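Structural description and commentary
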Number of protein chains: 2
Amino acid sequence: MAKQKPSIPKGTRDFGPDKMVRRNYIFNTIRSVFEKFGFLPLETPTMENLSVLTGKYGDEGDQLLFKILNSGDFTEDATHQDFDKGHKHLTPIIAKKGLRYDLTVPFARYVVMNRNDIAFPFKRYQIQPVWRADKPQKGRYREFYQCDADVVGTNSLLCEAEIVMMINEVFGKFKLNDYDIKINNRKILTGITEAIGAEGRESDFCVAIDKLDKIGQEKVLNELRQKGFSDEAVDKTKPVLEFKGNLEETIAFLKELFGANSETPTSSTGIKGIEELEEVFNYLSAYGHSPEELNVDFDITLARGLSYYTGAIFEVKVNNVEIGSVSGGGRYDNLTGVFGLDGTSGVGFSFGVDRIYDVLEALDLFPVENLVSTQVMIVQFDKQAGLHAVGLVKKLREAEIKSELYPEANKLKKQMTYANKKNIPFVILVGSNEIESQRYALKNMAEGNQEELTIDEIIDKLSKQ
Amino acid sequence: MAKQKPSIPKGTRDFGPDKMVRRNYIFNTIRSVFEKFGFLPLETPTMENLSVLTGKYGDEGDQLLFKILNSGDFTEDATHQDFDKGHKHLTPIIAKKGLRYDLTVPFARYVVMNRNDIAFPFKRYQIQPVWRADKPQKGRYREFYQCDADVVGTNSLLCEAEIVMMINEVFGKFKLNDYDIKINNRKILTGITEAIGAEGRESDFCVAIDKLDKIGQEKVLNELRQKGFSDEAVDKTKPVLEFKGNLEETIAFLKELFGANSETPTSSTGIKGIEELEEVFNYLSAYGHSPEELNVDFDITLARGLSYYTGAIFEVKVNNVEIGSVSGGGRYDNLTGVFGLDGTSGVGFSFGVDRIYDVLEALDLFPVENLVSTQVMIVQFDKQAGLHAVGLVKKLREAEIKSELYPEANKLKKQMTYANKKNIPFVILVGSNEIESQRYALKNMAEGNQEELTIDEIIDKLSKQ
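Residues take numbers from 1 onward in each chain, read along the sequence in its written order. To label them, take the chains in the order written and letter them from A, then take the ligands in the order written and number them from 1. This being a predicted model, a pLDDT of at least 70 is required before a residue's local features are given, and a value of 80 or more before pairs of side-chain atoms are given or counted; all residues contribute to the totals for chains, interfaces and linings. Working from all heavy atoms in the structure, the side-chain values ignore hydrogens and water.

Chain A appears in an unreviewed UniProt entry as Histidine--tRNA ligase from Aureibacter tunicatorum. UniProt positions are given in the numbering used here, feature names are shortened, and annotations may be inferred rather than shown by experiment. Listed under Catalytic activity (unreviewed entry) in UniProt, the entry text for chain A is "tRNA(His) + L-histidine + ATP = L-histidyl-tRNA(His) + AMP + diphosphate + H(+)". A UniProt comment under Subunit (unreviewed entry) is attached to chain A, and it reads "Homodimer."

Next comes the structure, spelled out in structure tokens:
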């Protein structure tokens, strides 16, 4: 076999120990909060039948699915004609499976397949990688993890409030304080399109105003004009985009816009949206928090692209860091409809782990103490010391101290370099004198000092670290 | 879009909350022991370039690789002729990537690509799924997890001893006591082939005796004859297969066979194998354990199929359960050679999570207390009670108690059924009387009894559970 320079596919990554320890800190923090709120874990297969995936993410999404070549002789079912008709025609003949594109569709599939065994409302979380054949670029990968939590089978707006509380708790654990949880409601956006006289144009309206932060008001209004919104509709949109106010003022503004106090309201859907939002805020105050304390910001221009949202929508941005939203979600009324199960309303959200990683790194918020893996390493001066040290490392581990014995009696420098590279905070030195006196030098690698202690004293000291 | 009955690919599985909680218990136990012994986590991409995977698992393995269709127009690089030449010819043209088949090859690739940054000896563990297009059958899946730990970059036999200690500790945590860690050494097997006059036939010899447990001695000897081993060699094999004895007797038997005390030994490699094994046992006694205490069983007929082992080999079987080996591994001298990095000796092993799951289930060893996810649920009698309960669930969570509030004021029976189905051990009932008295009924779901307590008393009680 020829020797090769190995490489990994573009857009994918190895996560070595340094990165893994940090990533696990993020995963474990999120997982512990999900579980504290009563969410249970689910894992679905990496491969799904393409019949499950195709058509769920739009045409562009279908193109971005990674497809698995059928096992065995996949050419059996295809002819020259199939081949000539091009890859779009040929693909479903030679590939029946694809890689998971997100966690939402597999979740919906799971709910439908297990509807008789599930205790509804079903609160599940799912932390798994997904794959997209996107063009790789900075911060965009072909394999990345999603961390989703969803509740399906209830309309209760308590769930929306609990999502806000979970974000608050996760970010608190990360010592992240300066962020905004933007919240809006799709019914309010529907209400606005109705109030500006563009009923039924909600989808185009959302796509346009979703870009407000990026392209500014003028360009958003231009896009609306190009999409065929009337001059009157565009004129009426302007004050909506320009509006600034606190929660009460915003609600008053929208009530006015929707004619909530008139006998012929302009949008009953919009009014319903306001009521839903107010109920979420009621639950939050029952939790003992004002929106400001929770960094919740009611933003009537928050739209989110995905068409399946029907109620509340969320998006979280960390301030003072040049990174997009780190979390988002919303309520959907018919997630499982495409698989034949209607009427399961749900609400869910997702943490973007890669972005949270970048944020914690940029703000220097990774806690040092969580990133130590091995706590102490024993240096052996010679083979006899090595055998003696086996008994010591056993005692350390019995005391639940993460510890290792350098496996060979190499030169001291080599052993110390290893401990340094591996970021091990303490080293125990064992040679013939130490074996005789039963007192071992414990060296603090950061401070450089060392003291002579018995193994019990060392265990006592390290257990308190 | 037509509504479809969704399904998952054959040989794959969903893991719902019940199973996930048990699986996470297994993963977390193994992970905690790996880390206690100084192993650090690694994750590699799900997709590898086929150039990395192909040729590493034999012809059969190559057929079992799941291949990913190239993105975009994969037909561009292929012609009718390519198509006519069949799928084996066509595959490398239209698929450049495949799914990870095991964790060993990606690990070797990682070591080679990162050799300048790694602190050797490199102790890594890796817990990730792998994929094989095997025919699905009971206990054999197309997607399953492997849990590997390896040390590369040292010849020290301390590593072999530590593997035994890790298996001992993991199984101890699982309360699994009746198992055997079978150990042997490839050099001893080489020695046997040399001693029976079949030098260089080690590979065929290992494949044959690997089946001893399944097909019995006669059929193994027949297979050797069919493979062209001489009658003399087969006759000399017989006493080896029949040999029974304790550790000292076995070593004495092999020393005799290899002519260790003669001036012209029949196998110096075999003698080296004995020495290595003795050193592993020395390290184990330095740990304070006899082989019997550790369930270590020196088995000179243990062969293991994989050709890359060169030193110690292990296999673990649980007794009184009809399940194959649950763990195995060994030392290899040139894992990274195929990627151009020679001379990195290593030793590693793997836990079979699916089989360990089946063993723990068969022996009823899953601990009840670890499988509770939500500890307490609050029932709300009406919406007002729900708002009040929001403050209670907040307090419970502040005390780190996993808790949830049933999100709607549904009928009591529906709420209780949910708690039952989800296996929640305690329920708190909140209605208008409870709001007034600030005392809440805490119901023990298993025992059926309930008591009236303040929220602080409830927290106190549940924290002690």
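There's more to say after this.
Remarks on the packing of helix α11 (residues 217–226) of chain B against helix α12 (residues 231–242) of chain B
Packed helices, taken two at a time, are described by their axes: the angle between them and the distance between them. Residues and elements named next belong to chain B. All axes here are fitted lines through C-alpha atoms, helices being fitted over the stretch that makes contact, and every angle between N-to-C directions spans 0 to 180 degrees. Put simply, DSSP H or I for four residues or longer makes a helix, DSSP E for two residues or longer makes a strand, and each gets a number counted from the N terminus. At a minimum axis distance of 10 Å, the contact between α11 and α12 shows a crossing angle of 150°. Taken together, the axes of α11 and α12 are roughly antiparallel relative to one another. Classified by chirality, the crossing of α12 by α11 is right-handed. Across the interface between the two elements, Q217, V220, L221, L224 and R225 of α11 pack against D231, V234, T237, K238, L241 and E242 of α12. Any residue that is not Ala, Val, Leu, Ile, Met, Phe, Trp, Tyr, Cys, Pro, Asp, Glu, Lys or Arg is counted as polar, Gly included; the first ten are nonpolar and the last four charged. Its residues placed into classes, the contact of α11 with α12 shows five nonpolar, two polar and four charged. Orientation is classified from the angle alone, with under 35 degrees giving roughly parallel, over 145 giving roughly antiparallel, 65 to 115 giving roughly perpendicular, and any other angle giving oblique. Crossings are sorted by hand: turned counterclockwise from the far helix by less than a right angle, the near helix makes the crossing left-handed, and turned clockwise it makes it right-handed. Only heavy atoms matter for contacts: two residues are in contact if any of them lie within 4.5 Å across the pair.

Quick word on the relation of the copies chain B and chain A
Mapping one chain copy onto the other needs a rotation about an axis and a shift along that axis. Between chain B and chain A, the superposition needs a rotation of 180° and an axial shift of 0.0 Å, giving an RMSD of 0.1 Å. Put plainly, the chains are arranged around a two-fold axis. Of the C-alpha atoms belonging to chain B, the one lying closest to the rotation axis is found on I68 of chain B, 2.3 Å away. Take the interface residues of chain B: 100% of them recur as interface residues in chain A, which is what a same-surface contact looks like. The least-squares superposition of copies is restricted to C-alpha atoms, and to residues with a pLDDT of at least 70 in both copies.

Section: helix α13 (residues 247–258) of chain A
Residue and element names in this part refer to chain A. For a helix, the expected span equals 1.5 Å multiplied by the number of residues minus one. In this model, α13 (twelve residues) spans 16 Å end to end at C-alpha, consistent with the 16 Å of a helix rising 1.5 Å per residue. Type-normalised accessible area, obtained with a 1.4 Å probe on protein chains alone, sets the label of each residue: buried when under 20%, exposed when over 50%, and partly exposed for intermediate values. The set of residues buried in α13 consists of L247, T250, I251, F253, L254 and F258. Along the axis of α13, the buried residues cluster in a sector spanning 160°; they form a single face. Exposed residues on α13 whose side chains face more than 90 degrees from its buried face are E248 and E256. Next to the buried residues of α13 lie α8 (186–195), α12 (231–242), α14 (268–286) and β8 (296–298). Here α13 starts with a cap whose side-chain oxygen sits 3.2 Å from the backbone nitrogen of E248, and that cap is N246. Of the residues trailing α13, G259 is marked for its positive phi of about 65°. Directions drawn from the helix axis to the C-beta atoms are what define this arc. Two N or O atoms form a polar contact when they lie within 3.5 Å of each other; inside protein one atom must be a possible hydrogen donor and the other a possible acceptor, and for residues adjacent in sequence the pair counts only when both atoms belong to side chains.

Some words on the interface of chain B and chain A
Chain B puts 116 residues into the contact, and the matching count from chain A is 116 residues. Roughly 10000 Å² is buried in total at the junction of chain B and chain A, and carbon and sulfur atoms are behind 61% of that figure. A carboxyl oxygen of Asp or Glu within 4 Å of a side-chain nitrogen of Lys or Arg is what we treat as a salt bridge. There are twelve salt bridges connecting chain B and chain A. Two residues, K36 of chain B and E400 of chain A, come together in a salt bridge whose shortest N-O distance is 3.1 Å. Summed over the shared surface of chain B and chain A, the result is 44 residue pairs in polar contact (both at pLDDT 80 or more). Considering only residue class, the side of chain B that touches chain A consists of 53 nonpolar, 33 polar and 30 charged. Reported buried area values correspond to the accessible surface (1.4 Å probe) lost by two parts on association, with both partners' losses combined.

Things to note about the domain arrangement of chain A
The parts lose accessible area when they come together, and the size of an interface is often stated as this lost area. Boundaries of every domain are those given by an automatic assignment or by a domain database. You can read the domains of chain A as domain 1 (17–65 + 101–362) and domain 2 (372–463). Computed over C-alpha atoms only, the centres of domain 1 of chain A and domain 2 of chain A are separated by 51 Å.

What to know about the sheet that holds strand β11 (residues 346–351) of chain A
Residue and element names in this part refer to chain A. Think of it this way: DSSP has to see at least two bridges between two strands before they count as a pair. Strand order across the open sheet formed by eight strands is β1-β5-β6-β11-β10-β9-β7-β8, with mixed pairing between neighbours. Of all the strands in the sheet, the pair left with one neighbour each is β1 (40–41) and β8. Here strand β5 (residues 122–131) pairs with strand β6 (residues 143–152) via ten bridges, running antiparallel. Bridge assignment links F122 to a residue of β6, and that residue is V152. Sheet strands touched by α14: β7 (179–185), β8 and β9 (309–318). Its angle to β7, the strand with the most contacts, is close to 140°.

Quick look at the sheet that holds strand β1 (residues 40–41) of chain B
Taken in spatial order, the eight strands line up as β1-β5-β6-β11-β10-β9-β7-β8 (chain B) in an open sheet, and their pairing is mixed. Unpaired on one side and paired on the other, β1 and β8 (296–298) of chain B mark the two borders of the sheet.

Some words on the packing of aromatic side chains
Residue and element names in this part refer to chain A. In this analysis, rings of Phe, Tyr and Trp, with Trp reduced to its six-membered ring, are considered paired at centre separations within 6.5 Å, and the interplanar angle assigns stacked below 30 degrees, edge-to-face beyond 60, and tilted for intermediate values. Going through the model one piece at a time under the given rule, you end up with 39 aromatic pairs over all chains. Each ring, one from F205 and one from F229, has its centre 6.3 Å from the other, and the planes form 40°; the classification is tilted. On the criterion of sequence distance, the pair formed by F205 in helix α9 (residues 202–209) and F229 in the loop between α11 (217–226) and α12 is long-range, its members being 24 residues apart. Here F205 falls in the buried class, since its relative accessible area comes to 1%. Chaining the aromatic ring pairs together yields one cluster made of F34, F39, Y125, F171, Y179, F349 and F351.

Notes on the side chain of E160 of chain A
All names here are of chain A. Position of E160 relative to the elements: it lies in helix α7 (residues 158–173). Residue E160 is classed as buried on the basis of its relative accessible area, which comes to 0%. Residues contacting E160, with those up to four places away along its chain left out, are V280, A312, F314, R331 and V347.

Considering the confidence of the model for chain A
Here pLDDT means the predictor's own confidence in every residue, given as a number from 0 to 100. Mean pLDDT over chain A works out to 93, with 98% of the residues at or above the 70 mark. On the interface metric, ipTM, the complex scores 0.93, and its pTM is 0.93.

Concerning the environment of Y283 of chain A
Among the structural elements, Y283 of chain A can be located in helix α14. Given a relative accessible area of 4%, Y283 of chain A falls into the buried group. Linking Y283 of chain A and E160 of chain A, residues 123 residues apart in sequence, is a C-alpha distance of 9.0 Å. If sequence neighbours within four positions are ignored, Y283 of chain A has contacts with S156, L157, L158 and A161 of chain A together with K383, L387 and V390 of chain B.

Quick notes on the pattern of salt bridges
For the coordinates displayed, the defined rule picks out 59 salt bridges over all chains. Between D14 of chain A and R109 of chain B there is a salt bridge whose closest N-O contact spans 2.8 Å. Within this pair, whereas D14 of chain A is found in the segment before α1 (17–36), its partner R109 of chain B is found in helix α6 (residues 104–113), the two belonging to separate chains. A salt bridge links K187 of chain A to E276 of chain A, with the shortest nitrogen-to-oxygen separation between them at 2.8 Å. Of the two residues, K187 of chain A is situated in helix α8 and E276 of chain A in helix α14; the sequence distance between them amounts to 89 residues. Across this residue pair, the class does not change: K187 of chain A and E276 of chain A are buried. Through salt bridges that share partners, K123 and E162 of chain A together with R397, E404 and K422 of chain B make up one connected network.

Quick notes on a negative patch on the surface
Surface patches are defined over residues having more than 30% relative accessible area and no salt bridge, joining like charges when they lie within 9 Å and nonpolar side chains (Val, Leu, Ile, Met, Phe, Trp, Tyr) when within 5 Å. Only the protein chains shown count as cover for residues, and the accessible areas themselves come from Shrake-Rupley with a 1.4 Å probe. The sign given to each residue is positive for Lys and Arg and negative for Asp and Glu; His and the chain ends receive no count. Charge positions come from single atoms, namely NZ of Lys, CZ of Arg, CG of Asp or CD of Glu. Together, E248, E249, E292 and E293 of chain A make up a region of like negative charge exposed at the surface. Here E292 of chain A shows up in the loop between α14 and β8.

A few points about the nonpolar core
Side-chain atoms within 4.5 Å link the members of a nonpolar core, which is a set of buried Ala, Val, Leu, Ile, Met, Phe, Trp, Tyr and Cys residues. Ranked by internal contacts, the top residues of the largest apolar core, which has 273 residues, are F171 of chain A together with F171 of chain B. Filtering out sequence-adjacent residues up to four positions away, F171 of chain B remains in contact with L176, Y179, V316, V318, V326 and F351 of chain B.

Structural notes on the packing of helix α8 (residues 186–195) of chain B against helix α9 (residues 202–209) of chain B
Residue and element names in this part refer to chain B. As a packed pair, α8 and α9 sit with axes 10 Å apart at the nearest point and diverge in direction by 105°. Between α8 and α9, the angle falls in the class roughly perpendicular. Between α8 and α9, the contacting residues are R186, L189, T190, I192 and T193 on the first element and E202, F205, C206 and I209 on the second. Its residues assigned to classes, the contact of α8 with α9 comprises five nonpolar, two polar and two charged.

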